[in-house]
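Here is how the chains run, residue by residue.
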Amino acid sequence: MKLSVVVPAFNEAESIAALHRELKAVCEQHAEAYEIIIVDDGSTDGTAQTVGQLDPVTLIRFRKNFGQTAAMDAGIKAARYETIVTLDGDGQNDPADIPAMYAVMQERQLDVVCGWRQNRRDSFSKRFVSRGANLLRKLLIDDQIHDSGCTLKLYRKSCFEGVSLYGEIHRFIPALLKIKGFRIGEVVVNHRPRTAGTTKYSWNRTLKGFIDMLSVWFWNKYAVRPLHLLGGAGMAFGLLGAMASAATVHAFLKGQDLSDTVWPLLAVFFLLTGLQMFISGLIADMLSKAYYETTRDVSYAIAEVREIPPKT
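Figured I'd write up the structure that's included with this text. Because the structure is predicted, anything quoted here is derived from the model rather than measured. (Residues numbered from 1 in each chain as written. Predicted model: local features only at pLDDT ≥ 70, side-chain atom pairs only at ≥ 80, totals over all residues. Heavy atoms only, no water.)

**Details of a nonpolar patch on the surface**
Working step 1: On the surface, M235, L275, F278, I279, L282, I283, M286 and L287 cluster together into a nonpolar patch covering about 780 Å² of accessible area.
Working step 2: Residue contributions to the nonpolar patch peak at seven residues, all from helix 9 (residues 263–294).
Working step 3: Here L282 is to be found in helix 9.
Working step 4: When its relative accessible area of 37% is taken as the criterion, L282 is described as partly exposed. (Patch = residues over 30% accessible without salt bridge, like charges linked within 9 Å, V, L, I, M, F, W, Y side chains within 5 Å. Areas by Shrake-Rupley, 256 points an atom, 1.4 Å probe, with all protein chains shown as cover. Salt bridge = Lys/Arg side-chain N within 4 Å of Asp/Glu carboxyl O. Helix = DSSP H or I, 4+ residues; strand = E, 2+ residues; numbered from the N terminus. Buried < 20%, exposed > 50% of the residue type's maximum accessible area, 1.4 Å probe, protein only.)

And the structure:
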């Protein structure tokens, strides 16, 4: 196997050298060719200096902290080999799992293999938040992955053609790829306790992750047809406005004092809201078409192109 190993690291000076030694040992034993790409995400503890003393390694150093997703995006774009491995820089992911994951990828002809930390070695609060996020993810996008928060994953390089990562979207890469028809699988992996440094997770990152989850849900359902969502909602509000208007006219014809009823206000509110949502749907539909026409991204993924010559 030929591997490009991508490791995002933020303030992991105490653990990155040991992780590099493990990765190097696994790659030299199992890989025909490999590269280890460590992305220093604006560390302030000397992570870049530590990485600079390692070999072989490709160091990508950010000017400031841009986040794990940006670090993964930079590393993936720099990768040269067909199989891309991602894992955390804190040493909790076990490099020894990589060969087994690669074997599953080849045997089952998968495009993505995700690690599944069945026995997590994290604090209770972190596991609790993760389980809640997994439940929401299953309800909204159902990517059929048990542990989307596990960074240890294997990808075919073709998965990222025309794809850029943003926000906290790295947790939902399998969901994004499944939308385009890539084949996703998972393997139970070892999860080790953190032995150095401090966790980088916070409630702020959890909130950002939830917002990105909603983005993935919208992208899955309505990316190429936003008018179906907003236009449909607009028509529903318009119908409610029409019903409220009918009730207002009926009350007026009966001579009732409309100043004591809520129907006129409801009619105006529903009609204006419906109109705004429908117009927003039209604008979103135009923006969606402009996006696909001006970027390399497409709403599909081609598995194979084969030319069969005519029989003679």
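Now that the structure has been shown, the text picks up again.
**A look at helix 1 (residues 16–30)**
Working step 1: Between its terminal C-alpha atoms helix 1 stretches 21 Å, which fits the 21 Å expected from 15 residues at 1.5 Å a residue.
Working step 2: Burial in helix 1 covers these residues: I16, A17, L19, H20, L23, V26 and C27.
Working step 3: The inward-facing, buried residues of helix 1 contact strand 1 (2–9), strand 2 (33–40), helix 2 (47–51) and helix 4 (98–107). (Expected span 1.5 Å × (residues − 1). Contact = heavy atoms within 4.5 Å.)

**So, the state of the cysteines**
Disulfide: a covalent bond connecting the sulfur atoms of a pair of cysteines.
Working step 1: Tallying each qualifying case throughout the model produces zero disulfides.
Working step 2: No disulfide involves C114; its nearest neighbouring cysteine sulfur is the one of C150, lying 8.2 Å away. (Disulfide = S-S within 2.5 Å.)

**Quick notes on the sheet that holds strand 1**
Working step 1: With mixed pairing, the seven strands of this open sheet are ordered in space as 3-2-1-4-6-5-7. Both outer strands of the open sheet, strand 3 (58–61) and strand 7 (184–188), are each paired with one neighbouring strand and no more. Each strand of the sheet is rotated relative to its neighbour by a mean of 20°, with strand direction disregarded.
Working step 2: By the bridge criterion, eight bridges tie strand 1 to strand 2 in an arrangement that is parallel. Its bridge partner lying in strand 2, K2 is registered against A33.
Working step 3: Its contacts with the sheet put helix 3 (residues 68–78) on strand 1, strand 2, strand 3 and strand 4 (83–86), and the angle it makes with strand 1 is roughly 155°. (Pairing = 2+ DSSP bridges. Axes fitted to C-alpha atoms, helices over the stretch in contact; angles between N-to-C directions.)

**Structural notes on unusual backbone geometry**
Working step 1: Here D55 and P56 are connected by a cis peptide whose omega angle stands at -10°.
Working step 2: Tracing the sequence through the fold places P56 in the loop between helix 2 and strand 3.
Working step 3: In the Ramachandran plot, N11 falls in the positive-phi region, its phi being about 55° despite a non-glycine side chain.
Working step 4: By secondary structure assignment, the location of N11 is in the loop between strand 1 and helix 1.
Working step 5: At Q109, a position not held by glycine, the phi torsion is positive, near 55°.
Working step 6: Mapping Q109 onto the fold places it in the loop between helix 4 and strand 5 (112–116).
Working step 7: According to the relative accessible area criterion, Q109 is partly exposed, its value standing at 43%.

**Some points on the packing of aromatic side chains**
Working step 1: What the rule picks out here adds up to four aromatic pairs.
Working step 2: Between F62 and F66, the aromatic rings sit 5.5 Å apart at their centres with planes inclined by 85°, giving edge-to-face as the arrangement.
Working step 3: With 4.9 Å between their ring centres and 70° between their planes, Y155 and F160 make a pair best called edge-to-face.
Working step 4: Of the residues examined, Y155 reaches a relative accessible area of 0% and is grouped as buried.
Working step 5: An aromatic cluster is built from F237, F269 and F270, whose rings are joined through pairwise contacts. (Phe/Tyr/Trp six-rings, centres within 6.5 Å; stacked < 30°, edge-to-face > 60°.)

**Description of the nonpolar core**
Working step 1: Among the nonpolar cores identified, the biggest contains 28 residues, and L3, V5, V7, L23, V85, L87 and L152 are the most heavily contacted of them.
Working step 2: At the level of elements, strand 1, helix 1, strand 2 and helix 4 are the ones that each hand at least two residues to this core.
Working step 3: The leading source of residues in this core is helix 4, at five residues.
Working step 4: Apart from residues no more than four positions distant in its own chain, L87 is found in contact with V5, V6, V7, P8, L19, L23, N93, P95, T151 and L152. (Core = buried A, V, L, I, M, F, W, Y, C linked by side-chain atoms within 4.5 Å.)

**Things to note about the pattern of salt bridges**
Working step 1: Evaluated as defined, the whole model comprises seven salt bridges.
Working step 2: Put simply, D111 and R156 hold a salt bridge, and the shortest N to O gap is 3.8 Å. With a gap of 45 residues between them, D111 in the loop between helix 4 and strand 5 and R156 in strand 6 (residues 153–156) connect regions that are remote in the sequence. By the burial criterion, D111 is buried, and R156 matches it.
Working step 3: Taken together, the shared-partner salt bridges in this structure form one network comprising E22, D94 and R192.

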